[in-house]
Amino acid sequence: MNAEVQKRKPTTRDSTVAFYSTLESATQAVRDAKSFGDIVAIFSVFSRHGEIISSETPELVASLERYIERIQSSPSPAADVLYEFAAMARIARNDAALAAVRDASPQNAQLLEMAESSTPDEVRKVIIESGASIIQNNFSDIISKMEEAKALKNNLNELHKDIYSGKFAEVTQRINARIFSLLRQDGMFRVPGYVISEITEGRIDRFTKSDMIYGENASELIRRISEMKTALMEQERADNPEYAELYNRMKSLAKDIEAREKETFESVKKALESISSISKEEAQEWANENVYIAPNVARKLKKINYPKEQFINDMAEVYQYLGGKLGPVEFILQKGTRRAFARGRSQICLDSDFNKTTLFHECGHLVERWDRTALAASLSFIRSRAQGAPKSLKTMTGGAYGPGEKAFPDSFIDPYVGKDYQGEASEVFSMALQHMSSPAHLANFIEKDPEHFKLFLGVCARQSPELSQKMREVEREARKAYADREKAKGERAELRGPWEKALRNAIPDGFSELLKARQGFAGYAVLQNVRKKSQWTLYQINDDGWWRGLYKATLPSVTRLAYLHIMNDRRELPVHYETASDATTDFFSFVCSDAVPTWFDVEKGLPRLQI
């Protein structure tokens, strides 16, 4: 899931160049930055070619000319390289620098013209061709193998039907009833029979995503049911030779499919490792130094049985697959969200459900934020496949999507691939990358959408020395700034209690009720989640009546967040943010994490809200 908000004003993070047009102002911005995301965003713009530069004409001209030298060294620059160069020139927003480069030589002028005329469709085709080449050179028979595996899966499905709903349905019902009875004897009265049946029949995907199932520990419940099922089926097979023969065939076929999927996965993994510019050792070193895990995230990972060491290793794995196309990443815990999401280029917010698949998915969003050329290819991919205008994801899938979540319809691996972000983001690469989390997922992906798989491989293989150099510089500078921030944060940790007390004292009784009213209060309103009663959303109401969601959290939290935004709008805080977007990251950390604002004075407290 991508956290970019549609129809929003540019945030400080989005328009860093516009706000900080010189090296001096950028340096000051780093000193003033209150969030890790802001630190990374600042260095993302001002770091080029191993040094921090300004957007003033001389430095920018030199930067663009170095890029031109690399392009000219190639006999036939590919569309993705030209597009990347054009994007760099556009981001610079300096007509004088572009004119100086263009006038330097006819070759420069011609190259700039070629770059400016390159299109996302050309980029997509080049990247897909690159992916096709990887397949041809490393596992040319993979598509045909997937067709063979598909036939085996069809046979397996038929056997599965015979055992669970066909010829031997009575046996399955008898086993389920016995398991149900045994669980009831153990006092597990809250688990419905249909849940037991689905777990018994192997349909456990949706249950493994939860910590609890009707008040019972999910992993423990699945383990116990599996053990009971094994013992009871063993007894049934001993009593019924025909049933035993069919069951053994099903298990043998399942093992054959699993072996084929694992073989395919290892082939793709080996290919990605061989074409990557990052070795396993370099990837591990990067993960150890550039993955920041908040204390509450570490506790959450332990609770869901996702060891921190394994988490770091998984980050190293995906970093190598991507050829280093990730900058430093901070993981935070955001309560009250339905799904995990990526924020900007540097932050991933966890929700209640998180595993390796989700981790890879969110890293895919970060890649598209860093590599705008890859994003252009993804958006072109959606446009080339779309069969009509965007439709409601809730209508298309029946899932728990919001009314504003829409997607372009097509025969994608999942309708979510076509999600519409108004051209600012996509789910194309993230949905592809998540399939590298397991052999079964990857096999299903290759089988159902070979073209999408080729695009995925092409993006992973895409090399950009300028981007890589820039990202490594960002890592170095952001690490230092982050360490300084954590040191200051530790020094202010003792102020958390007084800060929370000041917030409580500043908010008058009845404020939350005003926010709940239909018209809201002072341009803000809260609504309760229909399905999850403990979750509330804080909205900002624009002058035109449009409601824009800012946060999802508990009612006390969104009430405090509303207080901060209203006092900021009234300019009654010691600092002022120009827009709500500029304030969201900081305010959230002040309310929903352990952070305390640097401007908070214990003696002065906070101004009381007048209602």
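Structural data are supplied above this passage.
Being a predicted model, the structure only gives us computed values, none of them experimental.

Tallying secondary structure elements over the protein gives 28 helices and 13 strands in all. Out of the 611 residues belonging to the protein, those deemed buried represent 53%. For the protein, contacts bridging at least 24 residues in sequence account for 67% of all contacts bridging at least 6. For the protein, the exposed surface amounts to about 28,500 Å²; the carbon and sulfur share of it is 49%.

Glancing now at the sheet that holds strand β11 (residues 524-528). Taken in spatial order, the three strands make up an open sheet running β11-β12-β13, and their pairing is antiparallel. Unpaired on one side and paired on the other, β11 and β13 (547-553) mark the two borders of the sheet. On average, each strand axis in the sheet is inclined to that of its neighbour by 30°, with strand direction left out of account. Sitting on the sheet, helix α28 (residues 580-592) is in contact with β12 (536-541) and β13, with an inclination near 15° to β13.

Applying the stated criterion across every chain, the model contains 25 salt bridges. Ionic pairing is found between R462 and E84, a salt bridge with its closest N-O pair at 2.9 Å. On the criterion of sequence distance, the pair formed by R462 in the loop between α23 (450-461) and α24 (465-492) and E84 in helix α5 (residues 79-92) is long-range, its members being 378 residues apart. On the accessibility criterion, R462 (6% relative accessible area) is buried. Between E234 and R237 there is a salt bridge, and its shortest N-O distance comes to 2.6 Å. Of this pair, E234 and R237 both sit in helix α13 (residues 218-239), three residues apart, which is roughly one turn of the helix.

So, about the pairing of strand β6 (residues 329-333). Among the five residues that make up β6, five are buried, leaving the element largely enclosed by the rest of the structure. The alternating pattern of β6 places V329, F331 and L333 and E330 and I332 on opposite faces, both of which are buried. Bridge count between strand β5 (residues 291-293) and β6: three bridges; the pairing is parallel. What sits directly across from V291, in β6, is V329. Here β6 runs beside strand β8 (residues 347-350); their pairing, made up of four bridges, is parallel. The partner of I332 across the bridge, within β8, is C349.

Right, let's talk about helix α19 (residues 372-385) for a bit. For α19, which comprises 14 residues, the first-to-last C-alpha distance of 20 Å matches the rise-based estimate of 20 Å (1.5 Å per residue) to within 8%. Here α19 lies mainly inside the structure; eleven of its 14 residues are buried. Residue D371 occupies the N-cap position of α19, its side-chain oxygen lying 3.2 Å from the main-chain nitrogen of T373.

What follows deals with the nonpolar core. In this structure, M315, F331, F453 and F456 are the most contacted members of the largest nonpolar core, which totals 77 residues. Every residue in contact with F456, bar those within four places of it in the chain, is listed here: L272, F429, A432, L433, M436 and F445.

Moving on to the sheet that holds β5. Within the open sheet, the four strands sit side by side as β5-β6-β8-β7. Their pairing is mixed. Strand pairing shows two members of the sheet lacking a second neighbour, β5 and β7 (341-343), which therefore form its edges. Pairwise comparison of adjacent strand axes, ignoring direction, gives a mean angle of 25° for this sheet. Sitting on the sheet, helix α15 (residues 280-290) is in contact with β5 and β6, with an inclination near 40° to β5. Strand contacts of helix α16 (residues 295-303): β5, β6 and β8, with the helix running at about 70° to β6, the strand carrying the most contacts.

Our next topic: unusual backbone geometry. Here Q422, not a glycine, exhibits a phi torsion of approximately 60°, which is positive. As for its placement among the helices and strands, Q422 is situated in the loop between β10 (406-407) and α21 (428-433). A positive phi angle, close to 55°, is found at A522, a residue other than glycine. Mapped onto the secondary structure, A522 falls in the loop between α26 (511-516) and β11. On the basis of relative accessible area, A522 is assigned to the partly exposed category, the value being 40%.

What follows covers the packing of aromatic side chains. Under the counting rule described, the total for this entry stands at 21 aromatic pairs. Ring geometry for F511 versus F521: centroids 5.9 Å apart, planes at 85°, classification edge-to-face. With a gap of ten residues between them, F511 in helix α26 and F521 in the loop between α26 and β11 connect regions that are remote in the sequence. On the numbers, 6.4 Å between centres and 45° between planes, the contact of F587 with F590 is tilted. Here F587 pairs with F590, and both are found in helix α28, just three residues apart, close to one helical turn. Assigned by exposure class, F587 and F590 land together as buried. Here the aromatic residues W499, Y577, F587, F590, W599 and F600 are joined through ring pairs into a cluster of three or more.

With that settled, the discussion passes to α16. V297, K300 and L301 are the residues of α16 that are buried. Down the axis, α16 shows its buried residues gathered within 100° of arc, on one side only. For α16, the exposed residues lying more than 90 degrees away from the buried face are P295, R299, K302 and K303. At the C-terminal side of α16, N305 shows a positive phi close to 60°.

With that out of the way, let us pick up the packing of helix α8 (residues 120-138) against α19. Each packed pair of helices is defined by two parameters, the angle between the axes and the distance between the axes. Between α8 and α19, the shortest axis-to-axis distance is 8 Å and the interhelical angle comes to 95°. When the interaxial angle is binned, α8 and α19 end up roughly perpendicular. On α19, the residues that touch P120, D121, V123, R124 and I127 of α8 are T373, A376, A377, S380, F381, R383 and S384. When grouped by side-chain class, the residues that make up the contact of α8 with α19 number six nonpolar, three polar and three charged.

Basis of the calculations
Residues numbered from 1 in each chain as written. Predicted model: local features only at pLDDT ≥ 70, side-chain atom pairs only at ≥ 80, totals over all residues. Heavy atoms only, no water. Helix = DSSP H or I, 4+ residues; strand = E, 2+ residues; numbered from the N terminus. Buried < 20%, exposed > 50% of the residue type's maximum accessible area, 1.4 Å probe, protein only. Contact = heavy atoms within 4.5 Å. Areas by Shrake-Rupley, 256 points an atom, 1.4 Å probe, with all protein chains shown as cover. Pairing = 2+ DSSP bridges. Axes fitted to C-alpha atoms, helices over the stretch in contact; angles between N-to-C directions. Salt bridge = Lys/Arg side-chain N within 4 Å of Asp/Glu carboxyl O. Expected span 1.5 Å × (residues − 1). Polar contact = N/O pair within 3.5 Å; in protein donor to acceptor, adjacent residues only side chain to side chain. Core = buried A, V, L, I, M, F, W, Y, C linked by side-chain atoms within 4.5 Å. Phe/Tyr/Trp six-rings, centres within 6.5 Å; stacked < 30°, edge-to-face > 60°. Arc of directions from axis to C-beta. Parallel < 35°, antiparallel > 145°, perpendicular 65-115°, else oblique. Nonpolar A, V, L, I, M, F, W, Y, C, P; charged D, E, K, R; others polar.

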